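# A look at the structure
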Amino acid sequence: MAAAVSTSTAVEQGETPLQLDAGLLASLDVNPLDVRAYKKDREALLQSRTRNATQHLINTLFQFPIQRDATYGPLATLPAFETALPREKPLPKPKPLTKWEKFAKAKGIVKRKKDRMIYDEERGEWVPRWGYQGANKQLENQWLVEVPNNADDDFRPDKAAAKERKERRLKNEKQHQRNLARQAGEAAATAAAPKSELGSGVAPSRARRRAELEAELLRARGSTASMGRFDTKLEGESKPRGVKRTFQPNEIDASKERAAHMQLLAKMDKGGGSEMNLRKAIKFASKGQGSKALGEKVAKRRK
């Protein structure tokens, strides 16, 4: 026996009116459930309440301005939603400004993004501004370059341009490391501030000074070959974060050394000899005389 389907559009309002947020297509019935009806037939009660809330939402949607679309049919314009939805994740913290960004903000300098491709009039085509075959390597790739009259005899314009480009890259990398150290110091100062002062953004001078010292130590670690691994630790110094280089001890067990060598040989065999430079190996074994001399040397040893 099929259940009868109600075609009425009437909506029953309880003690508390139905809460509606058309922008989110949400209709909420906050009235308490009837305990007796719930125990008697739970499914029928829940379906009745759901149908009532849904019908209330549909009746409200048809009161909005409706436009007829040939593909999708009638379309209603929904208002802005009013319900404040909770966030799953906290709001991201603003990224600290770099030294240049602070200066540009104070001076009102607006950063303009440069296009990656520029037009080369000599070649008559678009070339990348940097990278492979970039315009920044134009002087390095030219086969004929004019040399100034006051230049030295061994002056090479291509090598001078390559050196200048490398120095610019190292300068940018050094500035990047300084920005990271400055941001780490500011983050440490914020974390060390009491909870009562975190809202105002004011950290005690003692905690700020400690953060500045940690930032200076972080910069100093980058000046050594071991990145501060073998430097003398100060009392109360925090452990540096980041990737650390590992160094094998000078004296290890013979079995471990043998296992490491066998693992390296197996890795070479697995790649079909692709990881081994045969030409360099022959040159080293023959002391620069070539494969023919190496073959004669091996033949003499076999005799």
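Our subject is the structure that appears above.
Nothing here was measured: the structure is a model prediction, and the numbers come from that model. (Residues numbered from 1 in each chain as written. Predicted model: local features only at pLDDT ≥ 70, side-chain atom pairs only at ≥ 80, totals over all residues. Heavy atoms only, no water.)

## Some thoughts on the layout of surface pockets
Threshold: The distinction between a cavity and a pocket rests on a 1 Å grid over the protein atoms alone: a 1.4 Å probe fits inside a cavity but cannot get out, while a pocket stays open yet meets protein on both sides within 12 Å along at least five of seven lines, and a residue with an atom within 4 Å of a point counts as lining. Grid points are joined across faces, edges and corners, and a volume is the space filled by probe spheres set on the points. Classification convention: Asp, Glu, Lys, Arg as charged; Ala, Val, Leu, Ile, Met, Phe, Trp, Tyr, Cys, Pro as nonpolar; all other residues, Gly among them, as polar. These domain boundaries are the output of an automatic or database domain assignment.
Of the pockets and cavities examined, the largest pocket occupies roughly 530 Å³. Together, K111, R112, K113, K114, R129, W130, N136, R165, R168, R169, K171 and N172 line the largest pocket. For the lining of the largest pocket, the class distribution of residues is one nonpolar, two polar and nine charged. Structurally, the lining of the largest pocket is a two-domain feature, drawing no fewer than three residues from each of domain 2 (115–145) and domain 3 (155–191).

## A look at the pairing of strand β5 (residues 117–120)
What counts is decided by this rule: Strands qualify as paired when DSSP identifies two bridges or more between them. Only DSSP runs of H or I with at least four residues qualify as helices, and only runs of E with at least two residues qualify as strands; both kinds are numbered from the N terminus onward.
Where β5 meets strand β6 (residues 125–128), four bridges bridge the pair, whose relative direction is antiparallel. The partner of M117 across the bridge, within β6, is P128. Between β5 and β6, which follow one another and run antiparallel, lie four residues, and G124 among them has a positive phi close to 70 degrees.

## Description of the environment of R165
The test is simple: Relative accessible area decides the class of each residue, using a 1.4 Å probe on protein chains only: under 20% of the type maximum gives buried, over 50% gives exposed, and in between gives partly exposed.
Of note, R165 is situated in helix α5 (residues 157–192). For R165, a relative accessible area of 21% translates into the label partly exposed. Spatially, the C-alpha atoms of R165 and K137 are 8.5 Å apart, while their sequence positions differ by 28 residues.

## Points about the pairing of strand β3 (residues 66–69)
Note: β3 against strand β4 (residues 73–76), four bridges, orientation antiparallel. In the sheet register, Q67 faces β4, and the bridge partner there is L75.

## A few points about the pattern of salt bridges
Note the threshold: We count a salt bridge whenever a side-chain nitrogen from Lys or Arg sits within 4 Å of a carboxyl oxygen from Asp or Glu.
Enumeration according to the criterion identifies two salt bridges in this entry. In this structure, D29 engages R49 in a salt bridge whose closest nitrogen and oxygen atoms are separated by 2.7 Å. Remark: R49 occurs in helix α2 (residues 42–61) and D29 occurs in the loop between β2 (26–28) and α1 (35–40); sequence separation between them is 20 residues. Taking relative accessible area as the criterion, R49 reaches 19% and is therefore assigned buried. R168 serves as the salt-bridge partner of E164, at 3.6 Å between the closest nitrogen and oxygen. Of this pair, E164 and R168 both sit in helix α5, four residues apart, which is roughly one turn of that helix. The class of E164 is partly exposed, set by a relative accessible area of 47%.

## Digging into unusual backbone geometry
One non-glycine residue with positive phi stands out, namely L25, at about 55 degrees. According to the relative accessible area criterion, L25 is partly exposed, its value standing at 47%.

## Considerations on the packing of aromatic side chains
We count it as follows: Between 30 and 60 degrees the pair is tilted, below 30 it is stacked and above 60 it is edge-to-face, where a pair is any two Phe, Tyr or Trp rings, Trp via its six-membered ring, whose centres lie within 6.5 Å.
Tallied over the entire structure, the rule returns two aromatic pairs. Centre to centre, the rings of W100 and F103 are 5.7 Å apart; their planes meet at 35 degrees, and the pair counts as tilted. In this pair, W100 and F103 are both assigned in helix α3 (residues 99–107), three residues apart and thus about one turn of the helix distant. Taking the relative accessible area as the measure of exposure, W100 reaches 51% and is therefore exposed. Among the residues examined, F103 registers a relative accessible area of 41% and is labelled partly exposed. Here Y119 and W126 contribute two aromatic rings whose centre-to-centre distance is 5.5 Å and whose plane-to-plane angle is 65 degrees, an arrangement assigned as edge-to-face. Residue classification places Y119 among the partly exposed positions, given a relative accessible area of 44%. Of the residues examined, W126 reaches a relative accessible area of 56% and is grouped as exposed.

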